[in-house]
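# Observations on the model geometry
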Amino acid sequence: MSLWEYANPKKFMDTTGPLVPWIVGAAALLMAVGLIWGFFLTPDDFRQGSTVRIVFLHVPSAMMAINIWVMMLVTSLIWLIRRHHVSALAAKAAAPIGLAMTVIALITGGLWGQPMWGTWWVWDPRLTSFLILCLFYIGYIALWQAIEDPDTAADLTAVLCLVGSVFALMSRYAVWFWSQGLHQGASLSLQSGERMAAAYRWPLYTCMVAFGLLFVALVLIATRTEIRARRIKALQTRARLREGAA
Amino acid sequence: MIALLGRDLRLAIRAGGGFGLGLAFFLILAVLVPLGVGPEPEVLGRIAPGVLWVGALLACLLSLDRIFALDWEDGSLDLLATAPIPMEGVVAVKAAAHWLTTGLPLTLVAPVLGVLMNLDAGAYGWLVLSLLLGTPALSVIGTFGAALTVGLRRGGLLLSLLVLPLYVPTLIYGASVVTRGAEGLSVGTPLALLAGITLGAAALLPFASAAAIRINLR
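Small disclaimer: the values here were computed from a predicted structure and weren't measured. (Residues numbered from 1 in each chain as written. Chains lettered and ligands numbered in written order. Predicted model: local features only at pLDDT ≥ 70, side-chain atom pairs only at ≥ 80, totals over all residues.)

## Some remarks on the overall build of chain B
- In terms of helices and strands, chain B carries 10 helices and 0 strands.
- Reading the helices (α) and strands (β) of chain B from amino to carboxyl end gives α-α-α-α-α-α-α-α-α-α.
- A globule of 218 residues ought to have a C-alpha radius of gyration of about 17 Å, and chain B, at 18 Å, matches this closely.
- Taken along its principal axes, the extent of the C-alpha atoms in chain B is 55 × 35 × 30 Å.
- Taking all 218 residues of chain B together, the buried fraction comes to 51%. (Helix = DSSP H or I, 4+ residues; strand = E, 2+ residues; numbered from the N terminus. Rg over C-alpha atoms; globule rule 2.2 N^0.38 Å. Buried ≥ 20, exposed ≤ 12 C-beta atoms within 10 Å, placed from the backbone.)

## Examining the overall build of chain A
- The helix and strand tally for chain A stands at 6 helices and 0 strands.
- When the helices and strands of chain A are placed in sequence order, the string is α-α-α-α-α-α.
- Counting all 246 residues of chain A, 36% fall into the buried class.

## As for the packing of helix 2 (residues 55-82) of chain A against helix 3 (residues 85-117) of chain A
Residues and elements named next belong to chain A.
- Where helix 2 contacts helix 3, the axes come no closer than 8 Å and their chain directions differ by 160°. Taken as axis vectors, helix 2 and helix 3 run roughly antiparallel relative to one another. Viewed along their axes, helix 2 and helix 3 form a crossing whose handedness is left-handed.
- Of the residues contributing to the contact of helix 2 with helix 3, the split by class is 20 nonpolar, 9 polar and no charged. (Axes fitted to C-alpha atoms, helices over the stretch in contact; angles between N-to-C directions. Parallel < 35°, antiparallel > 145°, perpendicular 65-115°, else oblique. Left-handed = near helix turned anticlockwise from the far one by under 90°. Nonpolar A, V, L, I, M, F, W, Y, C, P; charged D, E, K, R; others polar.)

## Concerning the interface of chain B and chain A
- On the side of chain A, 22 residues touch chain B, which itself brings 19 residues to the contact.
- Among the elements of the structure, helix 7 (124-149), helix 8 (155-166), helix 9 (168-183) and helix 10 (188-217) of chain B are those that each provide at least two residues to the side of chain B that touches chain A. (Contact = placed C-beta atoms within 7 Å.)

## Looking at the nonpolar core
- One finds A:Leu143, A:Leu160, B:Leu52, B:Ala56, B:Ile141, B:Ala147 and B:Ala212 to be the most contacted residues of the largest nonpolar core, which totals 136 residues.
- Examining the composition of this core, we find that 13 residues originate from one element, helix 5 (residues 150-178) of chain A, more than from any other. (Core = buried A, V, L, I, M, F, W, Y, C linked by C-beta atoms within 7 Å.)

## Side note on helix 2 of chain A
- For helix 2 of chain A, which comprises 28 residues, the first-to-last C-alpha distance of 39 Å matches the rise-based estimate of 40 Å (1.5 Å per residue) to within 8%.
- Within two residues after helix 2 of chain A, A:Arg83 carries a phi angle of roughly 55°, on the positive side. (Expected span 1.5 Å × (residues − 1).)

## Comments concerning the environment of B:Leu62
Residues and elements named next belong to chain B.
- Within the secondary structure layout, Leu62 lies in helix 3 (residues 41-62).
- Residue class for Leu62 comes out partly exposed when judged on the 17 C-beta atoms lying within 10 Å of it.
- Considering only alpha carbons, one finds Leu62 and Thr102, 40 residues apart in sequence, at a separation of 9.5 Å.
- Once residues within four sequence positions are removed from consideration, Leu62 is found in contact with Leu21, Gly22 and Phe25.

## Concerning unusual backbone geometry
All names here are of chain A.
- Non-glycine residue Arg83 carries a positive phi angle of around 55°.
- Assignment of secondary structure puts Arg83 in the loop between helix 2 and helix 3.
- A count of 13 C-beta atoms within 10 Å places Arg83 in the partly exposed class.

## Brief notes about the environment of B:Leu52
Residues and elements named next belong to chain B.
- Mapping Leu52 onto the fold places it in helix 3.
- The spatial distance from the C-alpha of Leu52 to the C-alpha of Pro111 is 9.4 Å, given a sequence separation of 59 residues.
- Residues contacting Leu52, with those up to four places away along its chain left out, are Ala110, Leu113, Gly114, Met117 and Leu127.

## Remarks on the confidence of the model for chain B
Residues and elements named next belong to chain B.
- Across chain B, pLDDT averages 85, with 97% of residues at or above 70.
- Model confidence for chain B, summarised as mean pLDDT per element, is weakest for helix 1 (residues 2-14) at 74 and strongest for helix 7 at 90.
- Model confidence for the complex is summarised by a pTM of 0.86, with the ipTM given as 0.83. (pLDDT = per-residue confidence, 0-100.)

## Remarks on the packing of helix 3 of chain A against helix 4 (residues 125-146) of chain A
Residue and element names in this part refer to chain A.
- As a packed pair, helix 3 and helix 4 sit with axes 9 Å apart at the nearest point and diverge in direction by 150°. Taken together, the axis directions place helix 3 and helix 4 in an arrangement best described as roughly antiparallel. The two elements helix 3 and helix 4 cross, and the hand of that crossing is left-handed. Along its contact with helix 3, which presents Lys92, Ala95, Pro96, Gly98, Leu99, Thr102, Val103, Ala105, Leu106 and Gly109, the element helix 4 presents Leu127, Phe130, Leu131, Leu133, Cys134, Tyr137, Ile138, Tyr140, Ile141 and Trp144.

## Description of the environment of A:Gln145
- Position of A:Gln145 relative to the elements: it lies in helix 4.
- A:Gln145 sits in the exposed class, given 12 other C-beta atoms within 10 Å.

What follows is the structure, given as structure tokens:
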């Protein structure tokens, strides 16, 4: 029994099929609990008023935006090294979700920034590196769509993901060098203790888990769709060949 | 490899178009920006480092798709792939040829455009030095982008989309060398980081570019 067994598309489909409804359900439940708790059952912040509640969308989506890129990096590496098609398809499926998370983080950040900082957008290092991450996602998706041969596309996008990760990391530090920040530091941190009242912290944790599950559910569904699309294509090719032979 | 470099240089210079085009674009940009933002010397002087660096970067971008496109079309790239020199070497030579025909001329004309943009007198040396150190990175990164998109019929636009985010760190450090030079601050840190990007990219990216070429030739 090893993890690599799930690289077999059949095994992957059989295992994930029954799991998907449960994960979707858990994600929906936690999302409902976290968001209702966060939006309606928390007190107004003493300085930020009710705008503080944007944190329940902003922080989880920003966290997922970065984590999804890391997940794409890992799956791209697995594809390049071990040539498991499911891995490449999972990376392909994750990219649009990552882009959506990045855009959600940027938009909710702007909505919060307008009343709090008095501006929708500043060229702050964190905001800028997210915008750059957004560009990386767009480039990655565009490369997938531009190449017709699926294996070539998987290879080239995997190489792009590896190189892009290095440059995305470099850009992050370059941007800190270029401008000083307006964005506050991390709201949650393992080292520096608690910076957030418990009343906000627990709904936020719930939302973060919910966003994580949402991503898992979406990426599983999208990967399964990709696998099915591949199968249909293979069957059509086989049918065409048989017609040609007959 | 030297023969390949000579061939690429001759092709770039004699075929026309590509060689002068980047320079002309750079010049036009330096004319258009003052027309757009107004002729006040203080404003121009303040934005000059950034505009010149962005201009050099975009001018570099113009000729990227020619790095491999012609060789791909006429099949020379297949011959190069079977040649005794490794693909990594071919890619590095291509990047060097691109730099010699694009980055180096851009660096040499940049001070003239600096006059047009009313660049601070103390910054000319830093402008040339930062472009000299930074444009090789632009060529090497661009070669990687060109290698990724070589098999595509309309790769040009996609190429810019892929390459421009990769140019971000180079642009930031390059432009901040010039800005700091103009203000008389110390430029050691960005200069060292810029040189680091160029050296790191030149050392590592040819492997990625060669891998991309091999995948595309498969």
